[in-house]
Amino acid sequence: METFSTDIYKIWSESKNIIISTHTNPDGDAVGAVLALAMTVKIIGAEPIILIENYSEKFDFIKGKEYIYDGDNYDEIKPDVFIAVDCGSKDRLGMAEAVFDRANSTFNIDHHVSNDNFAQNNIVLGGDSSSCEVVYKIIKNFCILNKDIAEALYTGIVTDTFGFKYNSTSKKTMEIGGSLIEFGINPSEVQDKVLYEHTTVEVEAFRRALNNLKFDGDIAYTYLSYDEIKECGVSNGDLDGIVEYILNIKGMSISVFVYGKKDGRTKISLRSKKIDVNKIASTFGGGGHLLAAGAIFDGSVEEALNIVLNEIKKS
Ligand SMILES: [Mn+2]
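Scoring rules and cut-offs
- Residues numbered from 1 in each chain as written.
- Predicted model: local features only at pLDDT ≥ 70, side-chain atom pairs only at ≥ 80, totals over all residues.
- Heavy atoms only, no water.
- Domains from an automatic or database assignment.
- Contact = heavy atoms within 4.5 Å.
- Buried area = accessible area lost by both parts, 1.4 Å probe.
- Salt bridge = Lys/Arg side-chain N within 4 Å of Asp/Glu carboxyl O.
- Polar contact = N/O pair within 3.5 Å; in protein donor to acceptor, adjacent residues only side chain to side chain.
- Pairing = 2+ DSSP bridges.
- Helix = DSSP H or I, 4+ residues; strand = E, 2+ residues; numbered from the N terminus.
- Axes fitted to C-alpha atoms, helices over the stretch in contact; angles between N-to-C directions.
- Core = buried A, V, L, I, M, F, W, Y, C linked by side-chain atoms within 4.5 Å.
- Buried < 20%, exposed > 50% of the residue type's maximum accessible area, 1.4 Å probe, protein only.
- Arc of directions from axis to C-beta.
- Right-handed = clockwise from strand over helix to strand, strands pointing away.

### What to know about the domain arrangement of the protein
Working step 1: Domain boundaries assigned for the protein yield domain 1 (2-196) and domain 2 (200-314).
Working step 2: Contacts between the two partners involve 10 residues from domain 1 and, on the opposite side, 13 residues from domain 2.
Working step 3: Between domain 1 and domain 2, the buried area comes to about 860 Å², and carbon and sulfur atoms account for 42% of it.
Working step 4: Remark: the boundary between domain 1 and domain 2 carries one salt bridge.
Working step 5: Of the charged contacts in the structure, one is a salt bridge between Lys-58 and Glu-202, with a shortest N-O distance of 3.1 Å.
Working step 6: Where domain 1 packs against domain 2, one counts four residue pairs in polar contact (both at pLDDT 80 or more).

### Remarks on the sheet that holds strand β11 (residues 292-297)
Working step 1: Read from one edge to the other, the open sheet built from six strands follows the order β6-β7-β8-β9-β11-β10, with strand pairing classed as mixed. This sheet does not close on itself; its edge strands, each paired only once, are β6 (214-216) and β10 (287-288).
Working step 2: Relative to strand β8 (residues 254-260), strand β7 (residues 219-224) runs parallel, the two being bridged by six bridges. Counted as the bridge partner of Thr-222 is Phe-257 from β8.
Working step 3: Contacts between helix α12 (residues 301-314) and the sheet are confined to β6, β7, β8, β9 (266-272) and β11, with β8 contributing the most and set at about 160 degrees to the helix.

### Some details on the nonpolar core
The tendency in soluble globular proteins is for nonpolar side chains to be buried as a group.
Working step 1: Trp-12, Leu-37, Ile-83, Ile-109, Leu-153 and Leu-180 are the most contacted members of the largest nonpolar core, which totals 51 residues.
Working step 2: Considering every element that reaches this core, the biggest residue donor is helix α2 (residues 28-43), with nine residues.
Working step 3: Setting aside anything within four residues of it in sequence, one finds Leu-180 in contact with Tyr-136, Leu-145, Ala-150, Leu-153, Tyr-154, Ile-157 and Ile-185.
Working step 4: Among the nonpolar cores identified, the runner-up in size contains 21 residues, and Tyr-221, Leu-305, Leu-309 and Ile-312 belong to it.

### Points about helix α7 (residues 187-196)
Working step 1: Every buried residue belonging to α7 is among Val-190, Gln-191, Val-194 and Leu-195, and all of these are buried. Burial along α7 is one-sided: seen end-on, the buried residues are contained in an arc of 95 degrees.
Working step 2: In this structure, the buried residues of α7 make contact with α5 (147-161).

### With respect to the environment of Val-81
Working step 1: Inspection of the secondary structure puts Val-81 in strand β3 (residues 81-85).
Working step 2: Taking the C-alpha atoms as reference points, Val-81 and Trp-12, separated by 69 residues in sequence, lie 7.3 Å from one another.
Working step 3: When residues no more than four places from it in sequence are discounted, the contact partners of Val-81 are Ile-11, Trp-12, Ser-15, Asn-17, Ile-18, Ile-19, Ala-103, Ser-105 and Phe-107.

### Details of the pairing of strand β2 (residues 47-51)
Working step 1: Burial runs high along β2: four of the five residues are buried.
Working step 2: Alignment of strand β1 (residues 17-22) against β2, held across five bridges, turns out to be parallel. Within β2, the residue paired with Ile-20 across the bridge is Ile-50.
Working step 3: The β-α-β motif built from β1, the intervening α2 and the parallel element β2 has right-handed crossover chirality.

As structure tokens, this is what we get:
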């Protein structure tokens, strides 16, 4: 990694525009990683431009937002370097995919086991807790971090490990967390903002999801139709906690949450305590991690639920 970081530093510091982007429907790891990278790129003398979809207001406290592209025409962007982060495959970049294709030099920084190494330079550490952990390991070799970068990275790690709780949390993850705290961030405040505070809108979505909750053996599953999502006024990012919550019901070892999207397709989220849900998600063209994965299904909420439950029972 040390030698690799030297090469990365050379390419990044000698470029003009560095486009930094992540997956659609960005979570805290995605947001923290792009903002931390943008602040780093600025320090080493390049011009960062972040391409990211609107994200949950719970991540608004993270600094570096001034680097987010606020134009409306991606065609005008002239990418020199393109860094995709927390993104398992190129199509997950959404609108930014076309910009990726025009870049001279491309980087793929990620921790998804399902990552298909789509860039020229792939730094994919499948066992790592979060993309922010991977970003930390890269940038600490050539950039002196500051409090803002530390807070962004800490947020990503906390999001993806649920506060250093998941199995993906290693000794190294905790050591990195410790190093980040040394920059003067407030760790319990970050955890409160990211994991525990909920808007009334989120709670309304939660209430409805729990109302739809069903059990099938050790599978807990629920759904929200697109109409229900519209009625609550909830955005995709606000629905993250539901699938986690129902996995923790005693006696359950798999949880499924599906919801209708505006385009008529259905988002599937899977969590597990034992079986490989990455494999299940991959049968629907999705992916993620062993115990946490997702996919977009081309069909209704009802069809998605039926098909997923069948796949789980087969596995
Ligand atoms: Mn992640």
